[in-house]
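Here is what each chain is made of, one letter per residue.
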Amino acid sequence: AVKDLFDGCDILHGRASLRTSTQRGVERAYFAPVLRRLSRLCGYDAVDVDRRRTSTAVAAPQGAAFRLHEPLLERQPTLGMAFNQRALREVGLSADHDERGGASAPATWVRLARRDSWRELRDALASSGQ
């Protein structure tokens, strides 16, 4: 069903045969709702599918008590390769592409992960007396 739809889109995209009208239809019906939920989970109010605007970041869920429970994302098995790569770029989780799809420095999540790792290491060393 949905997986087959995205598999078909990937095949057509790979052959440069995916029609714009088909792509827009899939975006409206499946990609946009998933992207809205992913962007909320990543701490954004919303990400416009057409990239007309991206809202400012808000506090993302933090801590060990956080558990993902998002019914739409639990039911959606895949976005396919092309839409998945785009979704990762849109929410800043693509390490090798910027928002415009070009090569860039590591994405925000990579920089934040590095910062947090160094902070944890520093705190661990400080608490051990080293």
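Residues numbered from 1 in each chain as written. Predicted model: local features only at pLDDT ≥ 70, side-chain atom pairs only at ≥ 80, totals over all residues. Heavy atoms only, no water.

In terms of nonpolar packing, the biggest core is built from 13 residues, with Phe31, Leu79 and Phe83 touching the most fellow members. When residues of this core are traced back to their parent elements, those giving at least two are helix 1 (2–14), helix 2 (20–41), helix 3 (71–75) and helix 4 (80–90). When residues of this core are assigned to their parent elements, the largest contribution, four residues, is made by helix 2. The contacts of Leu79, once residues within four sequence positions are left out, are Phe6, Phe31, Val34, Asn84 and Ala87. (Core = buried A, V, L, I, M, F, W, Y, C linked by side-chain atoms within 4.5 Å. Buried < 20%, exposed > 50% of the residue type's maximum accessible area, 1.4 Å probe, protein only. Helix = DSSP H or I, 4+ residues; strand = E, 2+ residues; numbered from the N terminus. Contact = heavy atoms within 4.5 Å.)

A word on unusual backbone geometry. A positive phi angle, close to 55°, is found at Ala16, a residue other than glycine. Mapped onto the elements, Ala16 comes out in the loop between helix 1 and helix 2. Judged by its relative accessible area of 74%, Ala16 is exposed.

What follows covers the environment of Glu90. Its location among the elements puts Glu90 in helix 4. Residue classification places Glu90 among the buried positions, given a relative accessible area of 8%. Taking C-alpha positions, Glu90 is 8.0 Å from Leu35, a pair spaced 55 residues apart along the chain.

What follows covers a nonpolar patch on the surface. A cluster of nonpolar side chains, Trp118, Leu121 and Leu125, forms an exposed patch at the surface whose accessible area comes to about 330 Å². Position of Leu125 among the secondary structure elements: in helix 5 (residues 108–127). (Patch = residues over 30% accessible without salt bridge, like charges linked within 9 Å, V, L, I, M, F, W, Y side chains within 5 Å. Areas by Shrake-Rupley, 256 points an atom, 1.4 Å probe, with all protein chains shown as cover. Salt bridge = Lys/Arg side-chain N within 4 Å of Asp/Glu carboxyl O.)

Right, let's get into helix 4. Within the sequence span of helix 4, burial applies to Gly80, Phe83, Arg86, Ala87 and Glu90. For helix 4, the arc enclosing every buried residue in end-on projection is 105°, short of the 170-degree limit, so these residues lie on one face. Tucked inside the fold, the buried residues of helix 4 contact helix 1 and helix 2. In the stretch just after helix 4, Gly92 is the one whose phi turns positive, near 75°. (Arc of directions from axis to C-beta.)

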